[in-house]
Amino acid sequence: MIITLKKGNTTMAISSLGAEPQSLIRDGIEYIWQGDPAFWPRKAPLLFPMSGPTKDNKLSCKGRIYDMPNNGFARDNEFKAEQLTDDIAQFTLEDNETFREKYYPYGFVLTVTYTLHEDGYTARAEIYAKEDLHYTFAWHPGFSLDINGKGCDLETYSLSFLEEERLDRLYQSGEGYVREKDFLIGDSLDLKRAETDKGPMVFRNVKSREITLTSSQGEHGVTVDLGDMTTFVCWTQLAKHAQFVCLEPMASFGFADRPLEIEKMDEAFFLAEGESAVWENTFTVF
């Protein structure tokens, strides 16, 4: 099921499969990557209850081993969809017998609300714990590089951070990761294929609440509001020169060398029975 939202000259389409945005068009320009199996078939998935890989795509919960697809299972399952107003849609995913037996033995309700603005959208995720649980969460939207003209290359783009930063860069290497110390010193970063071809650029403990993507070849870009999240990931497909870049606000991100037991993961959050957590982020386009 596809829900279409409209606000002024901006429209947004969201699929009930994964509660995943499919399109964001403002003044005739499509900002969301449209997916291509030759590069990356997804568009803007959300990641729950796991962000990042685990060893052998497994997870240990309550003393038992479960399957856990890379970046979680929510993005591949149908949400209950409801259009609340012309510019607001809500999607709900709740635990069921299959989830609890195969993937994740906890009772939860994940409610995702998208609010469309004339210059972008706000994504809000509320995770309600029906019992004590551990989880991670992230957004993974892909944005088209063609917003500044078809074929506009990644290397014309840069990221601007709202504050001066001193950040290490992490990227996957085998089951672990490589740390490049002081990869970013300052408030701007030019994107280069030589760097994105190493893997996702993972930055932890980011101070800036806003990060903006712009190109030297045009006036259009995207600003990501990190909200309460402190991890930011920038990624595009390795070695294929795909026409997209993902700008990912994350509550946390872990690599495959982390403990298999979710209770022991430094990146995992805990909710007691009856508690809720809310993650809210705004994506502004221009």
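Below you will find a few notes about this structure. If you're wondering where the values come from, they're calculated on a predicted model, not measured in any experiment.

Description of the state of the cysteines
Here a disulfide denotes one covalent bond, and it connects the sulfur atoms of two cysteines.
(1) Moving on: Considering all chains together, one arrives at 0 disulfides under this definition.
(2) Moving on: Between Cys152, a free cysteine, and Cys234, which holds the nearest cysteine sulfur, the sulfur-to-sulfur gap is 14 Å.
(3) Moving on: Here Cys234 is not cross-linked by a disulfide; its sulfur's nearest cysteine counterpart is in Cys246, at 8.3 Å.
(4) Moving on: On the basis of relative accessibility, which here comes to 1%, the residue Cys234 falls in the buried class.

What about the nonpolar core?
Nonpolar side chains in soluble globular proteins tend to end up buried together.
(1) Moving on: Ranked by size, the top nonpolar core spans 74 residues in total, and within it Leu46, Tyr104, Leu110 and Phe137 carry the most contacts.
(2) Moving on: Setting aside residues no more than four positions away along its own chain, Leu110 makes contact with Leu46, Phe48, Ala74, Phe79, Phe91, Thr92, Leu93, Ala125, Glu126, Ile127 and Phe137.
(3) Moving on: Within the second largest apolar cluster, 8 residues are counted, among which are Leu47, Ala138, Val233 and Phe253.

Some words on the side chain of Ser15
(1) Moving on: Looking at the secondary structure, you find Ser15 in strand β2 (residues 10-15).
(2) Moving on: At a separation of 3.0 Å, a polar atom in the side chain of Ser15 contacts the main-chain amide nitrogen of Leu17.
(3) Moving on: If sequence neighbours within four positions are ignored, Ser15 has contacts with Met1, Ile2, Glu20, Gln22 and Phe91.

A word on unusual backbone geometry
(1) Moving on: Look at the link from Phe48 to Pro49: it is a cis peptide, with omega at 0°.
(2) Moving on: Turning to its location among the elements, Pro49 is positioned in the loop between β5 (46-47) and β6 (58-61).
(3) Moving on: Unusually for a residue other than glycine, Ala239 sits at a positive phi of about 60°.
(4) Moving on: Counting through the fold element by element, Ala239 comes out in the loop between β20 (231-235) and β21 (244-250).

Topic: empty space enclosed by the protein
(1) Moving on: This model, assessed by the stated rule, comprises 1 cavity of 30 Å³ or more.
(2) Moving on: Within this model, the largest cavity holds a volume of roughly 40 Å³.
(3) Moving on: Forming the walls of the largest cavity are Pro21, Ala44, Pro45, Leu46, Tyr114, Tyr121, Trp139, His140, Pro141 and Phe283.
(4) Moving on: Here the residues of the lining of the largest cavity are counted per class, giving 9 nonpolar, 1 polar and no charged.

Some points on the pattern of salt bridges
Oppositely charged side chains can pair when the atoms bearing their charge come close.
(1) Moving on: With the rule as written, the count across this model stands at 20 salt bridges.
(2) Moving on: Of the charged contacts, one joins Glu131 and Lys62 as a salt bridge, the two residues approaching to 2.7 Å between their closest N and O atoms. In this pair, Glu131 is assigned in the loop between β11 (120-129) and β12 (133-135) and Lys62 in the loop between β6 and β7 (64-67), connecting sequence segments 69 residues apart.
(3) Moving on: As a salt-bridge pair, Arg258 and Glu267 come within 3.8 Å of each other at their nearest N and O atoms. Of the two residues, Arg258 and Glu267, neither departs from the other in class, the shared state being buried.
(4) Moving on: Each of Lys62, Glu94, Asp95, Arg100, Lys130 and Glu131 takes part in one network of salt bridges that share partners.

Focus: the environment of Arg64
(1) Moving on: Within the fold, Arg64 resides in strand β7.
(2) Moving on: Judged by relative accessible area, which is 34%, Arg64 ranks as partly exposed.
(3) Moving on: Spatially, the C-alpha atom of Arg64 lies 9.0 Å from that of Glu261, the residues being 197 residues apart in sequence.
(4) Moving on: With near-sequence residues (within four places) excluded, Arg64 lies in contact with Leu59 and Glu101.
(5) Moving on: In this structure the side chain of Arg64 is engaged in a polar contact, spanning 2.8 Å, whose partner is the backbone oxygen of Glu101.

Brief notes about the sheet that holds strand β1 (residues 2-7)
(1) Moving on: Spatially, the 4 strands line up as an open sheet ordered β1-β2-β3-β4, and their pairing is antiparallel. Each edge of the open sheet carries a strand with a single partner, namely β1 and β4 (29-30).
(2) Moving on: Across 6 bridges, the pairing between β2 and strand β3 (residues 20-26) is antiparallel. Bridge pairing in β3 places Thr11 opposite Ile25.

Parameters and conventions
- Residues numbered from 1 in each chain as written.
- Predicted model: local features only at pLDDT ≥ 70, side-chain atom pairs only at ≥ 80, totals over all residues.
- Heavy atoms only, no water.
- Disulfide = S-S within 2.5 Å.
- Buried < 20%, exposed > 50% of the residue type's maximum accessible area, 1.4 Å probe, protein only.
- Core = buried A, V, L, I, M, F, W, Y, C linked by side-chain atoms within 4.5 Å.
- Contact = heavy atoms within 4.5 Å.
- Helix = DSSP H or I, 4+ residues; strand = E, 2+ residues; numbered from the N terminus.
- Polar contact = N/O pair within 3.5 Å; in protein donor to acceptor, adjacent residues only side chain to side chain.
- 1 Å grid on protein atoms, 1.4 Å probe; cavity = no way out; pocket = protein on both sides within 12 Å on 5 of 7 lines; lining within 4 Å.
- Points joined across faces, edges and corners; volume = space filled by probe spheres on them.
- Nonpolar A, V, L, I, M, F, W, Y, C, P; charged D, E, K, R; others polar.
- Salt bridge = Lys/Arg side-chain N within 4 Å of Asp/Glu carboxyl O.
- Pairing = 2+ DSSP bridges.

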